[in-house]
Amino acid sequence: MMLRRPTALLLAGLLAGAVQAAPSSLVVCTEGSPEGFDIVQYTAAVSADASAETVFDRLLRFAPGGSELLPALAERWEVSADGLEYTFHLRRGVKFQRTPWFMPSREFNADDVIWSFRRQIDPAHPWHKLSPRGFPYAESMAVGELIERIERLDEHRVRFVLRHPEAPFLANLAMGFASIYPAEYADRLLAAGTPERLNSQPAGSGPFIFERYEKDAQVRFRRNPDYWDGAPAIERLIFAITPEPNVRVQKLKAGDCQIALYPRPVDLPGLRRDVRIQVLEDEPLLTAYIGINTRHPPLDDVRVRQALNLAFDKSAYLRAQYGEGGASPAVAPYPPSLWGSDPTLAGWPHDPARARALLAEAGHAQGLKLSIWTRPGGGPTNPNPGIGAQLLQADLAAIGIRAEIRVLEWGELIKRAKNGEHDLVFMGWAGDNGDPDNFLTPNLSCAAAASGENQAGWCDERFDALLREARRTTDQAQRAALYRQALAIFHEQAPWIPLAHPREFAAVRRDVEGFVISPLGTNNFAGVRRAPANAPE
């Protein structure tokens, strides 16, 4: 048993400082704690970084820095002419990780693929009811309704049979929720009566082996020497959990970490002047928004939701949060760079007078009382949570709405927002696979409302029908037209206050090579190396 010490945060800093001079180690200052390591239970990027991008693999993967699909645990695949059958030829010779809690007796095969998916979609599966948080992606994307069956053709071939065509199906299989687990390990845990250990003592086939997690302090990994794609150059990988962006920057400059994720835009000029540091940037598939809980009256009234959108001065918000050029204003759930967007859709203007009139029309001329939920620290979609919440609070006060700000730790905020306890919640979403559906179905569908992943709790049957139709056609032009219709409904119904499409930044010491920002919002360190200690920085 690992003991938690009251000096855990200090210890994390000392350990990070102790390894920062060793080129075989990489310390990454991350913005938050993982919710857990059984990735199918979670949707947060910090949890994906600490599990899906380290411990686990999937049948397919995305090319570094993009959304092109590449083979992974599946070497190749075939799709039937009717789009209903996907046959995967599995990679041979893949070894599962050897850990103190799991010593595999066999290599990866079809049984592991079947276990990993059936667990999520089959109510009769012995593991299906053992997930305390359910399976948010599988539930919100109705994967159980999509997959009719999974067939084991032989030890190295599996076939997915779908009930209807699904255009983003292959891309979805490269997402974190499609990670492949060793069925043998799960069987042993179930037999021992300790299934919860799957979330605290993970084992997979990925590039890094989990060693330990000190809550809110650090996560430690070592490289997998048997990794099928070649052992990583980094021997030790350490996530130093550092919620405050300015502290991440300070630790980077001191050499306590070699990568600082998501520095604030205001800190970038100083970082760019430091010859020891390089600033990486990208325009990711990223959206910041405020979810409006339509399950709480009077937020179920579209006039009230429209009034909230009209009340908020988005231009002032963008200047305060992202500075010059750090983000573009959001109108829709996904960036205009993604196909299927509608350039004719205009954002809600800042119009407090019209907002007050709508509130009065809805019967709330005397105002309302609401809660605003946000997180501490800061990340790419919300660099300064306190400032953002205060700006919203002030703008709502101007139209007679009294709003109380509540600051919750990230994991707690996600859990309680899923339960629908909030009124307004600052959130963000990074596209997982480069498909517009990934912004719409997991966040705004009726299935996502039922699972709690749709923080607005908004279910519009017209919107939902358009999403279903778009997923079932492979013609991209037809899909784009359907998504534009869906975006018009979203805009009129206003379940969110869309905020921004931020640029993404990472600050990296110059002895780090091979780190690439992903437009999909996760971070993978399998290809990272550090230059020799005597190399100039």
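The structure under discussion appears in the preceding block.
The following refers to the structure shown. Please read these numbers as outputs of a predicted model, since none were measured by experiment. (Residues numbered from 1 in each chain as written. Predicted model: local features only at pLDDT ≥ 70, side-chain atom pairs only at ≥ 80, totals over all residues. Heavy atoms only, no water.)

## Quick look at the overall build of the chain
When you go through the chain residue by residue, the secondary structure sums to 18 helices and 21 strands. Computed over the C-alpha atoms, the radius of gyration of the chain is 23 Å, within 12% of the 24 Å expected from 2.2 N^0.38 for a compact globule of 537 residues. In terms of overall dimensions, the chain has a C-alpha envelope of 70 × 55 × 45 Å along the principal axes. Scored against the burial criterion, the 537 residues of the chain give a buried share of 60%. Pairs at least 24 apart in sequence give 71% of the contacts found in the chain among residues at least 6 apart. For the chain, the accessible area works out to roughly 20,700 Å², and carbon and sulfur atoms hold 50% of it. Distance between charge centroids for the chain: 4 Å, based on 59 positive and 65 negative side chains. (Helix = DSSP H or I, 4+ residues; strand = E, 2+ residues; numbered from the N terminus. Rg over C-alpha atoms; globule rule 2.2 N^0.38 Å. Buried < 20%, exposed > 50% of the residue type's maximum accessible area, 1.4 Å probe, protein only. Contact = heavy atoms within 4.5 Å. Areas by Shrake-Rupley, 256 points an atom, 1.4 Å probe, with all protein chains shown as cover. Lys, Arg positive; Asp, Glu negative; His and termini not counted. Charge placed at Lys NZ, Arg CZ, Asp CG, Glu CD.)

## Some points on the pattern of salt bridges
Scanning the model with the defined rule gives 33 salt bridges in all. Among the ionic pairs, Asp38 bridges to Arg119, the shortest N-O distance being 2.4 Å. Taken together, the positions of Asp38 in the loop between strand E1 (25–30) and helix H2 (45–49) and Arg119 in helix H3 (residues 110–121) put the pair 81 residues apart, joining distant regions of the chain. For the pair Asp38 and Arg119, one class covers both residues: buried. Note that Asp267 and Arg264 form a salt bridge whose closest N and O atoms lie 3.1 Å from each other. Residue class for Asp267 comes out buried when judged on its relative accessible area of 18%. Through salt bridges that share partners, Glu85, Glu148, Arg149, Glu151 and Arg159 make up one connected network. (Salt bridge = Lys/Arg side-chain N within 4 Å of Asp/Glu carboxyl O.)

## Here we look at the sheet that holds E1
Read from one edge to the other, the open sheet built from 7 strands follows the order E8-E9-E10-E1-E11-E19-E12, with strand pairing classed as mixed. Each end of this open sheet is capped by a strand with a single partner; those strands are strand E8 (208–214) and strand E12 (277–282). Within this sheet the neighbouring strands show an average axis-to-axis angle of 20°, counted without direction. Judged from the 6 bridges that link them, E12 and strand E19 (residues 504–509) form a sheet pairing that is antiparallel. Within E19, the position partnered with Ile277 by the bridge is Arg509. (Pairing = 2+ DSSP bridges. Axes fitted to C-alpha atoms, helices over the stretch in contact; angles between N-to-C directions.)

## Focus: the packing of aromatic side chains
Evaluation of the coordinates by the stated rule reveals 28 aromatic pairs. Here the aromatic residues Phe37, Trp101, Phe210, Tyr213, Phe221, Phe239, Phe515 and Phe525 are joined through ring pairs into a cluster of three or more. Looking at Arg375, its charged tip hangs above the ring of Trp410, at a distance of 4.5 Å from the centre. (Phe/Tyr/Trp six-rings, centres within 6.5 Å; stacked < 30°, edge-to-face > 60°. Lys NZ or Arg CZ within 6 Å of the ring centre and 35° of its normal.)

## Describing the state of the cysteines
Under the definition given, this model contains 2 disulfides. The disulfide bridge from Cys29 ends at Cys257, spanning 2.5 Å between sulfur atoms. Looking down the S-S bond of the Cys29 and Cys257 bridge, the torsion is -105°, so its handedness is left-handed. Remark: Cys257 occurs in the loop between helix H8 (245–254) and strand E11 (259–261) and Cys29 occurs in strand E1; sequence separation between them is 228 residues. Taken individually, Cys29 and Cys257 each receive the classification buried, so the pair is uniform in this respect. A sulfur-sulfur distance of 2.0 Å marks the disulfide that ties Cys446 to Cys459. Judged by the sign of its S-S torsion, about 90°, the cystine formed by Cys446 and Cys459 is right-handed. A residue pair is termed long-range when its members are at least 10 positions apart, and Cys446 in helix H16 (residues 446–451) and Cys459 in the loop between H16 and helix H17 (461–471) qualify at 13 residues. Cys446 gets classed as buried once you look at its relative accessible area, which sits at 13%. (Disulfide = S-S within 2.5 Å.)

## Structural notes on the packing of H3 against helix H7 (residues 183–192)
One can describe the packing of H3 onto H7 by two numbers: an axis separation of 8 Å at closest approach and a directional angle of 60°. Between H3 and H7, the interaxial angle falls into the category oblique. Along the contact surface, H3 presents Asp111, Asp112 and Trp115, while H7 presents Ala183, Glu184 and Ala186. Among the residues making up the contact of H3 with H7, the classes are represented as 3 nonpolar, no polar and 3 charged. (Parallel < 35°, antiparallel > 145°, perpendicular 65-115°, else oblique. Nonpolar A, V, L, I, M, F, W, Y, C, P; charged D, E, K, R; others polar.)

## Overview of unusual backbone geometry
Trans peptide bonds make up most of the peptide bonds, and negative phi angles are found at most residues other than glycine. The omega angle of the peptide bond from Pro297 to Pro298 is 5°, so this bond is cis rather than trans. Within the fold, Pro298 resides in the loop between strand E13 (286–292) and helix H10 (302–311). One non-glycine residue with positive phi stands out, namely Tyr262, at about 55°. Note on placement: Tyr262 falls in the loop between E11 and helix H9 (268–273).

## Quick word on the environment of Pro245
The topology assignment puts Pro245 in helix H8. The exposure class assigned to Pro245 is buried, which follows from its relative accessible area of 4%. As a C-alpha pair, Pro245 and Glu145 span 100 residues in sequence and 41 Å in three-dimensional space. Excluding anything up to four places from it in sequence, Pro245 contacts Tyr262, Arg264, Gly377, Gly378 and Pro383.

## Regarding the sheet that holds strand E15 (residues 368–374)
An order of E14-E18-E13-E17-E15-E16 is seen for the 6 strands of this open sheet, with the pairing classed as mixed. The sheet is open, and its two edges are formed by strand E14 (327–329) and strand E16 (401–407), each paired on a single side. Between one strand and the next, the sheet's axes are offset by a mean angle of 25°, whatever the strand orientation. Pairing between E15 and strand E17 (residues 424–430): 2 bridges, direction parallel.

## Some thoughts on the packing of helix H11 (residues 314–322) against helix H13 (residues 385–397)
Two elements in contact, H11 and H13, have axes whose closest approach is 10 Å; the angle formed by their N-to-C orientations is 165°. Taken together, the axes of H11 and H13 are roughly antiparallel relative to one another. The two elements H11 and H13 cross, and the hand of that crossing is right-handed. Listed contacts from H13 to Ala316, Tyr317, Ala320 and Gln321 of H11 are Pro385, Ile387, Gly388 and Leu391. Along the lines of polarity and charge, the residues of the contact of H11 with H13 split into 6 nonpolar, 2 polar and no charged. (Left-handed = near helix turned anticlockwise from the far one by under 90°.)

## Thoughts on the nonpolar core
The biggest cluster of nonpolar side chains holds 110 residues, and the ones touching the most others in it are Leu59, Phe88, Phe160, Phe515 and Phe525. In terms of nonpolar packing, the next biggest core, distinct from the first, is built from 34 residues, Ala288, Ile292, Ala307 and Leu392 among them. (Core = buried A, V, L, I, M, F, W, Y, C linked by side-chain atoms within 4.5 Å.)

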